[in-house]
Amino acid sequence: MAIYDLTKTPADSYDTHTHLNDDKLFHDVPAYIGRANEFRVMEMNIVGYDAVGNARALEIAQAHDNIYAVLGFQPEDTVDFDAAAAQTLEAQLQADKVVGVGETGLDYYWETAPHDVQKQAFETHLALAKKYDLPVIIHNRDAFDDVYAMLKDSGVTKGVMHSFSGTPEQALAFVDLGMHISFSGVVTFKKAEEVREAAKAVPLERLLVETDAPFLAPTPFRGKDNEPAFVKYVLDSLAETLDMTPKALTEITRTNAHRLFLNHD
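Keep in mind it's a predicted model, so treat the numbers as computed, not measured.

(A) Spotlight on unusual backbone geometry. A cis geometry characterises the amide bond from Gly102 onward to Glu103, with omega recorded as 5°. Counting through the fold element by element, Glu103 comes out in strand E4 (residues 98-107). Here the amide bond leading from Thr219 into Pro220 is cis, since omega sits at 15°, within 30 degrees of zero. Considering the arrangement of structural elements, one finds Pro220 in the loop between strand E8 (207-209) and helix H9 (231-242). One non-glycine residue, Glu111, adopts positive backbone phi at about 55°.

Here's what the structure looks like:
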């Protein structure tokens with residue numbers, strides 16, 4: 001296994017979407033944070049996906065400096081998003097170190113929840129994001145038209161298209177609605193040329209990076225569990241695509257994340 005050359009990216013980075021709250025990683029959170037820091041990944045968002053994931057995200061964020069929580073129900077788990085869950089989520093969103101609503105959205109690939117159930121949950125999340133002036137983190141798989149229409153109708157104008165895997169035209173459509181576009185390990189995959197073309201189309205001030213750990217490990221770790229430290233491989237690949245230095249791109253994406261999630265440059 002290749003050892004990452006830390007001298008290539010001497011700037012601190014921000015993993016905007018990771019799941020240290022997932023069972024695969026939650027058992028050893030301090031170790032994963034420590035390794036991320038060694039790779040100069042100094043800030044990260046722990047993103048919720050269901051009731052347990054949200055509680056863990058809050059726990060991790062409140063126990064560690066420079067780590068923040070994003071809370072919500074991913075579309076695959078919206079069958080459990082009832083009125084009581086919505087009430088709990090709203091209370092949690094007002095806690096310290098919560099910087100976003102999500103992940104939420106629509107997923108028409110896995111079909112684990114009926115489309116109408118997903119849409120109702122997405123609508124509720126969008127309303128909460130607007131009410132508390134928080135960015136919304138959107139999961140969109142095989143549902144571009146419906147996600148776009150619902151986001152546009154909601155009036156929410158800040159957020160993230162998480163782990164973007166669409167076309168350049170789709171990326172720009174979401175940028176026009178105020179969204180940032182976040183790229184994960186997918187951008188390192190050999191056959192992901194369309195994703196790289198989308199990255200070229202996105203204005204630099206709307207770019208973000210993420211791992212989505214423990215999922216979507218980048219090349220050369222594809223097929224293994226992902227972790228926040230590996231965001232550096234995403235940055236290297238994306239920088240090459242954009243004909244930039246990793247350091248410059250790291251600084252740009254960190255600044256973008258600070259502006260969106262922490263309200264400062």
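After that view, the rundown keeps rolling.
(B) Quick peek at the layout of surface pockets. The computed volume of the largest pocket comes to approximately 670 Å³. Sorting the residues of the lining of the largest pocket by element identifies E4 and strand E5 (136-141) as the ones contributing at least two each. Its residues assigned to classes, the lining of the largest pocket comprises 10 nonpolar, 9 polar and 7 charged.

(C) Region of interest: the pattern of salt bridges. Using the criterion set out here, one finds 9 salt bridges in the structure. Between Arg40 and Asp12 there is a salt bridge; the shortest N-O distance is 3.1 Å. Of the two residues, Arg40 sits in the loop between helix H2 (29-38) and strand E2 (41-47) while Asp12 sits in the segment before strand E1 (13-18), which places them 28 residues apart along the sequence. By relative accessible area, Asp12 is classed as partly exposed at 29%.

(D) Expanded view of the UniProt feature "binding site: a divalent metal cation 1" (unreviewed entry) in the protein chain. Look at the UniProt record and you will see "binding site: a divalent metal cation 1" (unreviewed entry) annotated at His17, His19, Glu103 and Asp212. Considering the C-alpha atoms alone, the annotated residues occupy 196 residues of sequence yet fold into one spot, their largest mutual distance being 10.9 Å. Set against the largest pocket, the annotated residues named above that line it are His19, Glu103 and Asp212. Position of His17 relative to the elements: it lies in strand E1. Ignoring anything within four residues of it in the chain, the contact list for His17 reads Asn45, Val47, Glu103, Ile137, His162, Glu210, Thr211, Asp212 and Ala213.

(E) Molecular detail of the packing of aromatic side chains. The tally for this structure, following the rule as stated, stands at 11 aromatic pairs. Centre to centre, the rings of Phe144 and Phe174 are 5.3 Å apart; their planes meet at 80°, and the pair counts as edge-to-face. Pair noted here: Phe144 is in helix H6 (residues 144-154) and Phe174 is in helix H7 (residues 168-176), with a separation of 30 residues, a long-range link. Looking at Phe174, the relative accessible area reads 0%, which means it is buried. An aromatic cluster of at least three residues, connected via ring pairs, comprises Tyr14, Tyr68 and Phe261.

(F) Broad picture of the packing of helix H4 (residues 83-92) against helix H5 (residues 115-131). Taken N-terminus to C-terminus, the directions of H4 and H5 make an angle of 25°; their axes are 11 Å apart at the nearest point. With respect to each other, H4 and H5 are oriented roughly parallel. Judged by the sense of rotation from one axis to the other, the crossing of H4 with H5 is right-handed. Where H4 approaches H5, its residues Ala86, Leu89 and Glu90 are matched on the opposing element by Thr124, His125, Leu128 and Lys131. Residue composition of the contact of H4 with H5, by class: 3 nonpolar, 2 polar and 2 charged.

About the cut-offs
Residues numbered from 1 in each chain as written. Predicted model: local features only at pLDDT ≥ 70, side-chain atom pairs only at ≥ 80, totals over all residues. Heavy atoms only, no water. Helix = DSSP H or I, 4+ residues; strand = E, 2+ residues; numbered from the N terminus. 1 Å grid on protein atoms, 1.4 Å probe; cavity = no way out; pocket = protein on both sides within 12 Å on 5 of 7 lines; lining within 4 Å. Points joined across faces, edges and corners; volume = space filled by probe spheres on them. Nonpolar A, V, L, I, M, F, W, Y, C, P; charged D, E, K, R; others polar. Salt bridge = Lys/Arg side-chain N within 4 Å of Asp/Glu carboxyl O. Buried < 20%, exposed > 50% of the residue type's maximum accessible area, 1.4 Å probe, protein only. UniProt positions renumbered as here; feature names shortened; annotations may be inferred. Contact = heavy atoms within 4.5 Å. Phe/Tyr/Trp six-rings, centres within 6.5 Å; stacked < 30°, edge-to-face > 60°. Axes fitted to C-alpha atoms, helices over the stretch in contact; angles between N-to-C directions. Parallel < 35°, antiparallel > 145°, perpendicular 65-115°, else oblique. Left-handed = near helix turned anticlockwise from the far one by under 90°.

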